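Report on the structure
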Amino acid sequence: MSRLNFRIEATSNGTSARAGRFHTLHSEVLTPVFMPVGTRATVKGQTIESLKENGAQCLLANTYHLFLRPGAEVFRKFGGIHHFMKWDGSILTDSGGFQIFSLHKDRKMNEEGAAFKSYLDGQTFLLTPELSIETQKAIGSDIMMVLDQCIPSTASYEEAKAAMELTHRWALRSLAARRDSQQSMFGIVQGACYKDLRKESASFLTQQPFDGFAIGGLAVGETPEKCWEFAGLTASYLPQSLPRYLMGVGTPIDILEAVNCGVDMFDCIMPSQLGHRGTVFTSQGKMQLRRTVYKFSEETLDKQCNCYTCRNYSRAYLHHLIKSGEPLGWFLLTTHNLAFYHKLMKEMRQAIIDNKFITYYNNIRPILLMSDENNPPIPPRKNIIKTAKLGDYEIHHNKEGFACIKQISSGEIMHSVNNPEEEANRLYIEQSDLSNKLINKNFNSTQSSIVQDHLPLNECLNKQQLIIWDVGLGAAHNAMAAIRCFEKTLNENGFDNINKLKIISFERDLNPLKLASKHNKEFPHLHHSAPFKLLENGKWTDKSGLLDWILIEGDFLKLFSEQEKPDIIFYDPFSHKTDSDCWSLKAFKNLFAYCKNKNFELYTYSNSTMVRASMLVAGMWVAKGVSTGPKDSTTIAFSNKEVALKHKSNQNLLSKEWLERWHRSQAQFPLDLSEEEKEIFTKTIESHPQFDQS
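Residues numbered from 1 in each chain as written. Predicted model: local features only at pLDDT ≥ 70, side-chain atom pairs only at ≥ 80, totals over all residues. Heavy atoms only, no water.

Next up on the list: the nonpolar core. One finds Trp469, Trp549, Tyr571 and Leu591 to be the most contacted residues of the largest nonpolar core, which totals 91 residues. At eight residues, the largest contribution of residues to this core is made by helix H19 (residues 477-493). When residues no more than four places from it in sequence are discounted, the contact partners of Leu591 are Trp469, Phe556, Phe560, Ile569, Tyr571, Leu602 and Met620. Ranked by size, the runner-up nonpolar core spans 85 residues in total, among them Leu59, Met185, Met247 and Ile253. (Core = buried A, V, L, I, M, F, W, Y, C linked by side-chain atoms within 4.5 Å. Buried < 20%, exposed > 50% of the residue type's maximum accessible area, 1.4 Å probe, protein only. Helix = DSSP H or I, 4+ residues; strand = E, 2+ residues; numbered from the N terminus. Contact = heavy atoms within 4.5 Å.)

This part takes up the environment of Trp87. Along the chain, Trp87 turns up in the loop between helix H4 (81-85) and strand S6 (90-94). Given a relative accessible area of 2%, Trp87 falls into the buried group. Taking the C-alpha atoms as reference points, Trp87 and Phe6, 81 residues apart in sequence, are found 22 Å from one another. The contact partners of Trp87, leaving out residues within four places of it in the chain, are Ile48, Leu51, Lys52, Ala56, Gln57, Cys58, Leu59 and His82.

With that out of the way, let us pick up helix H14 (residues 327-353). A turn of α-helix holds 3.6 residues, and therefore any two residues three or four places apart point the same way. Between the first and last C-alpha of H14 there are 39 Å, a value that for 27 residues agrees with the 39 Å anticipated at 1.5 Å per step. Counting buried positions over the 27 residues of H14 gives 19, a clear majority of the element. Count one or two residues on from H14 and you reach Asn355, which has phi positive near 60°. (Expected span 1.5 Å × (residues − 1).)

It is worth spelling out the sheet that holds strand S26 (residues 621-625) at this point. Read from one edge to the other, the open sheet built from eight strands follows the order S22-S23-S21-S20-S24-S25-S27-S26, with strand pairing classed as mixed. With partners counted over all chains shown, the strands left at the sheet margins are strand S22 (539-541) and S26, one partner each. Averaged over neighbouring strand pairs, the angle between their axes works out to 15° when direction is ignored. Two strands pair when backbone bridges link them, and strand S24 (residues 568-571) and strand S25 (residues 601-604) are joined in this way by four bridges, in the parallel orientation. Note on S25: the bridge partner recorded for Ile568 is Glu601. (Pairing = 2+ DSSP bridges. Axes fitted to C-alpha atoms, helices over the stretch in contact; angles between N-to-C directions.)

Our next topic: the sheet that holds strand S12 (residues 212-215). Strand order in the open sheet formed by eight strands is S4-S14-S13-S12-S11-S10-S6-S5, with parallel pairing between adjacent strands. Whereas interior strands pair on both sides, the edge strands pair on one side only; in this sheet they are strand S4 (33-36) and strand S5 (58-62). Neighbour-to-neighbour, the strand axes of this sheet turn through a mean angle of 25°, independent of strand direction. Relative to strand S13 (residues 244-246), S12 runs parallel, the two being bridged by three bridges. The partner of Ile215 across the bridge, within S13, is Leu246. In the packing of H14 onto the sheet, contacts are made with S4 and strand S14 (265-268), and the angle to S4 comes to roughly 160°.

Quick look at the packing of aromatic side chains now. Tallying each qualifying case throughout the model produces 30 aromatic pairs. Both rings, one in Phe34 and one in Tyr341, keep their centres 4.5 Å apart while their planes meet at 50°; by these two values the pair is tilted. Highlighted residues: Phe34 in strand S4 and Tyr341 in helix H14, separated in sequence by 307 residues. Tyr341 shares its class with Phe34; the two are buried. Ring geometry for Phe210 and Phe213: centres 6.0 Å apart, planes at 75°, overall edge-to-face. (Phe/Tyr/Trp six-rings, centres within 6.5 Å; stacked < 30°, edge-to-face > 60°.)

Here we come to the pairing of strand S23 (residues 547-553). Most of S23 is tucked away, with five of its seven residues classed as buried. Inspection of the sheet shows strand S21 (residues 500-507) paired to S23 by seven bridges, in the parallel sense. Within S23, the residue paired with Lys502 across the bridge is Asp548. Taken together, the three bridges between S22 and S23 define a ladder with antiparallel strand orientation. By the bridge assignment, Lys539 is partnered in S23 with Ile550. Between S22 and S23, which follow one another and run antiparallel, lie five residues, and Gly545 among them has a positive phi close to 80°.

As for its placement among the helices and strands, Gly538 is situated in the loop between helix H21 (530-537) and S22. When neighbours within four sequence positions are excluded, Gly538 is seen to be in contact with Lys533, Trp549, Ile550 and Leu551.

Right, let's talk about the packing of helix H10 (residues 252-260) against H14 for a bit. Where H10 meets H14, the axes come as close as 11 Å, and the angle between the chain directions of the two elements is 20°. One element, H10, and the other, H14, form an angle in the roughly parallel class. In the packing of H10 onto H14, the handedness of the crossing is right-handed. Along its contact with H10, which presents Pro252, Ile255, Leu256 and Val259, the element H14 presents Phe340, Tyr341, Leu344, Met345, Met348 and Ile352. Residue composition of the contact of H10 with H14, grouped by class: ten nonpolar, no polar and no charged. (Parallel < 35°, antiparallel > 145°, perpendicular 65-115°, else oblique. Left-handed = near helix turned anticlockwise from the far one by under 90°. Nonpolar A, V, L, I, M, F, W, Y, C, P; charged D, E, K, R; others polar.)

Before going further, it helps to examine the pairing of S14. Side chains Met265 and Asp267 of S14 all project onto a buried face; the interleaved residues Phe266 and Cys268 project onto the opposite face, where all are buried too. Direction of pairing for S4 relative to S14: parallel, over a ladder of four bridges. Residue Phe34 lies in a different strand from S14, and its bridge partner there is Phe266. Of the pairings in the sheet, the one linking S13 to S14 comprises two bridges and is parallel in character. Counterpart to Tyr245 in the pairing with S14 is Met265.

Turning to unusual backbone geometry, a few remarks are in order. For residues that are not glycine, phi is negative in most cases, and the peptide bond is trans in most cases. Here the residue pair Thr31 and Pro32 is connected by a cis peptide bond, since its omega of 0° sits within 30 degrees of zero. Within the secondary structure, Pro32 sits in the loop between strand S3 (28-31) and S4. Cis geometry marks the peptide bond from Val249 to Gly250; its omega dihedral reads 5°. Summarising the element assignment, Gly250 is placed in the loop between S13 and H10. Even without glycine at this site, Asp433 takes up a positive phi of about 55°. With respect to the helices, strands and loops of the structure, Asp433 is situated in the loop between helix H16 (420-430) and helix H17 (434-438).

What follows is the structure, given as structure tokens:
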């Protein structure tokens, strides 16, 4: 029975991620967990108090370094590392295998152990599995690691197999050396990037009485993608009932991918190493504080973080400390990086417990891949112009001269490339042929150029009504473009020739529209009474009585089934990152199920293969839409074949050629599908009648 009493508390559908907990000799540890690296019985530049404040549960110390200095006799005198460094939480000790691997020319490996020269005085030592375990017992760590032979992940098959087999023999010797110690011990799975060796190593080690298993030999030469692949593969070979530890990995995105594969424990020197170099991880991506762009920045490091650094210091001050080489800068940036890592672990754990890890994964992954190094530096200005803000939004000025709305927390910008008014007209108004749809083609009398201020109710009731769903009101560019189109069509064709129009706008956060309305000099499309009345009353009616604009505030996916079914859908959720649920297969299935009995057309800026495939599986017919900004196409969806073939874009319906490309795509399926669901998904697309038209 495991000394850790590990148990899994929750898993999350569509993923191998799991939340668990275990008990060491000193504390309880909740997983997933990140272990700050305290190589020499200290985490560089940190105090025990700062580590605890940031949420550290377990630290990692290194047997190789502690063996050389201060030595096992010191730990025996002090009763172990916990009393020595005044840390009352858990501690895991690495065996020293990786450090010896890093010595290159100054070490020799044989069956007995690893001979190496001390970097302190050049003295030669032989570290055997037995000596490694005896040293770890003296250190008094909660979890000991077996001595292993680490080699580059790009090593030849013969080298990888030999190192794996030596690691297995050393693992058995390490277990025997533990004797009756109550300290836990992990075996280490090796095998480089060879699937059969990884499977063989896991099979051998899981037959031994270890308390958990580590995945070793990764992040030592392979690509990140290969690292993620083999971390997931190895984890799948390990028992569910014991903790899994990915050694020395890695960046936040590495950890996210590994948690998704079912790994529980992590360590890495990056939070402190990068902090010393001026690099930090934030809710807006990775930032390099050495950049001159931060010289005059009064902003805190990360508005989504409540660590000591973010509560007290500006980016400008941190920039100054790093440029000056001041140790305080190293402390402050490492403090923040560790806080970021621990917060990431807590968020992942909660998402698993809430059975929402896939949604969290989709939302956080693009952020973890972001970096300010991808953005051109902004020349520093001594006279900083404060940006207008409201809630989580601020006004962003595009280099082309127009204003748009930016979400601070995600860094996402509404209409970041094209002029928003031009994009709304091109993508939604012109493609939907709204002006022609508004004209009452059943009315044959002479057209009138007079717009009546007061229309008798019975005349309104006799008119047909066109319904638009405006999904994602934002700063109201799309809705206002529809209103301008209506007004122009009414003036050109006369009251008697126009159908009624109802616009139903869905939005869960009105701050973008409120912010733009307060600064409408920068947003010409809001030079109209309609948006102000909408914010005040939740609705607005044109003086002709022919146009109603209704606001539905809240979650679109929960509220759309209570509304009148649409003829046209402007599908414009903020972004895939901030509104991932709106782009899911479930969302499109529910939308189609509710609206399919009414002929509808859906227009969206997305050209994602996964989105188009999900629409097809939901039952819609799908075509390529016009290009916009950097995208060579957008997407149009229809309720059925009849509507699709009548539309002017029918020649752009996705064809068998698209279907062949979909089969080769790396983004075929929504991320939360099981293998069985993927098979059903594939058969549904392949049998879609749309592809019989090709």
